[in-house]
Amino acid sequence: MKVPVNEPVITDESKKLVLDALETGWISSAGQYIETFEQEFAQFLGVKHAITTTSGTTALHLSLLALGIGPGDEVIVPAFTMIASVDAILYVGAKPVFIDSEPDTFNMDVSLLEKKITKHTKAIMPVHIYGHSVDMDQVLQIAKAHDIVVLEDAAEAHGATYKGRMCGSMGRINAFSFYGNKIITTGEGGMVVTDDTVLAARCRTLKDLAHSPKRRFWHEELGYNFRMTNLQAAVGVGQLRSIKTFLEKKRWMAAEYGKRLKDVKGLRLPITKDYAENVHWMYAVIVEDSCALSKNELRSALTDVGIDTRDFFYSAASMPLVKQYVDPSEHFPVAEDLEKRGLYLPSGLALTQEQIEYVCQSICDIIGV
Ligand SMILES: *Cc1c(COP(=O)(O)O)cnc(C)c1O
């Protein structure tokens, strides 16, 4: 049996809507599905404004541009994250200040936050890793006390909640991704969301080449083309209308893996804190020292039987890219440990019961119970 690490589900509704967009000729970034997608996404999150972009990376970039963050400013970001969180900070010329993670949720360790704040800190970027919310109360409270903006990177957390609040609705301005392996997808795409009307307007101007509001084709500042197409938005509308089913599928997947893998020696399964509703974007496990195999041995044994897995992210603080920003004496022991021990199992929305059983049986056979 072959089990891919991710396979998206494209519903009939998405197919119907994208065909409609094609047939009406509205294939570029004007067209009704852009507006519908933005409105329905804002409604889903309970926020005032949603602004489509070309990717999660450009959604983060646009958020930082709208906030006016730039050279001389610092943004606190977890070392354990996907590189796009860090790239966005570098694009605007600001300095990424890395923070280590919690070993159990893999999220930024908020107990270390206060120490990272300087007079240059302009924003904190919590990233809800693999679909589990960051402990947001503390982040929001510390940010407020220091007059710092919170920008959530919610690219892995559509529909996840923190104490009942939606991830991606708690910061001043927040970003989502609709890449092919995300909980809902438009192929490539992203969204900025905010309750702040001024920031939303800034985003709309900057993502469309910054035409002067009074004079079209007149430009007083540098703009960008971060426009999503109506074709992508049509896919997105169909996806969003199925998100409840998708989230149920993720919960079912986690429960199936959990009950079959709970006794495997040396395999640590994902946890969910009381404050969080975990959407298990990826089913992420840790290979402990007590396991009969190393992570690499386990991954290659699974590859041999047709099961595709992925490593965790490398600590972003160890990338040559950010060398100039990281004091060589500073270490991120949890992020570095996660990169050594972490992997995720096939987690796509198209995963079947038979595939999950096969993955779990293979792991039990390989490791021994
Ligand atoms: C996927 C992802 C992004 C980037 O999204 P793209 O749409 O691929 O540009 C940013 N941050 C995190 C945490 C992600 O997982």
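Scroll up to find the structure.
Throughout this description, residue numbers start from 1 for each chain and increase along the sequence as written. The predicted origin of the model limits local features to residues at a pLDDT of at least 70 and limits the giving and counting of side-chain atom pairs to 80 or more, whereas totals for whole chains, interfaces and linings rest on all residues. With hydrogens and water set aside, each side-chain value is computed from the structure's full complement of heavy atoms.

The subject of this paragraph is the overall build of the protein chain. When its secondary structure is counted, the protein chain shows 12 helices and 14 strands. Its C-alpha radius of gyration of 21 Å places the protein chain within 12% of the 21 Å reference for a compact globule of 369 residues. With the C-alpha coordinates of the protein chain rotated into their principal frame, the extents come out at 70 × 55 × 35 Å. Partly exposed describes any residue whose relative accessible area lies between the buried limit of under 20% and the exposed limit of over 50%, with all areas from a 1.4 Å probe on protein chains only and scaled to the type maximum. Going through the 369 residues of the protein chain one by one, you find that 57% of them count as buried. When checking whether two residues touch, look at their non-hydrogen atoms; a contact exists if any pair is within 4.5 Å. Contacts spanning at least 24 positions in sequence make up 71% of the contacts within the protein chain whose residues lie at least 6 apart. Carbon and sulfur atoms provide 53% of the accessible area of the protein chain, an area that totals close to 15,900 Å². Under this rule, positive means Lys or Arg and negative means Asp or Glu; His and the chain ends count for nothing. Positions of charges follow a simple convention, taking NZ of Lys, CZ of Arg, CG of Asp or CD of Glu. Put simply, the protein chain has 38 plus and 47 minus side-chain charges, and the middle of one group is 3 Å from the middle of the other. Helix and strand labels come from DSSP, where a helix needs a run of H or I of at least four residues and a strand needs a run of E of at least two; each type is numbered from the N terminus. We take the radius of gyration over the C-alpha atoms and set the globule estimate at 2.2 Å times the residue count to the 0.38 power. In these tables, accessible area is a Shrake-Rupley quantity obtained with a 1.4 Å probe, and a residue counts as shielded only by the protein chains included in the view.

If DSSP finds at least two bridges between two strands, the strands pair. Read across the sheet, three strands follow the order S7-S6-S11 without closing on themselves; strand pairing throughout is antiparallel. The two strands at the open ends of the sheet, each matched to only one other strand, are strand S7 (165-166) and strand S11 (276-277). Note: strand S6 (residues 161-162) against S11, two bridges, orientation antiparallel. By the bridge assignment for S11, tyrosine 162 is matched with alanine 276.

We call a residue near a molecule or strand as soon as one heavy atom of that residue lies within 4 Å of the molecule or strand. Around the ligand sit 14 residues, and of these Thr57, Asp153, Glu156, Ser177 and Lys182 come closest. Contacts described as polar in this section are N or O atom pairs within 3.5 Å, which, within protein, must combine one atom able to donate a hydrogen with one able to accept it, while residues neighboring in sequence count only if both atoms come from side chains. Threonine 57 is positioned with one of its side-chain polar atoms (N or O) 2.5 Å from an oxygen atom of the ligand. Glutamate 156 is positioned with one of its side-chain polar atoms (N or O) 2.5 Å from an oxygen atom of the ligand. Burial of the ligand by the protein amounts to 93% of the accessible area it has alone, namely 380 Å². When residues of the shell around the ligand are traced back to their parent elements, those giving at least two are helix H3 (56-67) and helix H4 (83-91). The residue classification treats Ala, Val, Leu, Ile, Met, Phe, Trp, Tyr, Cys and Pro as nonpolar and Asp, Glu, Lys and Arg as charged. All others, Gly included, are polar. Tallied by class, the residues present in the shell around the ligand amount to five nonpolar, six polar and three charged.

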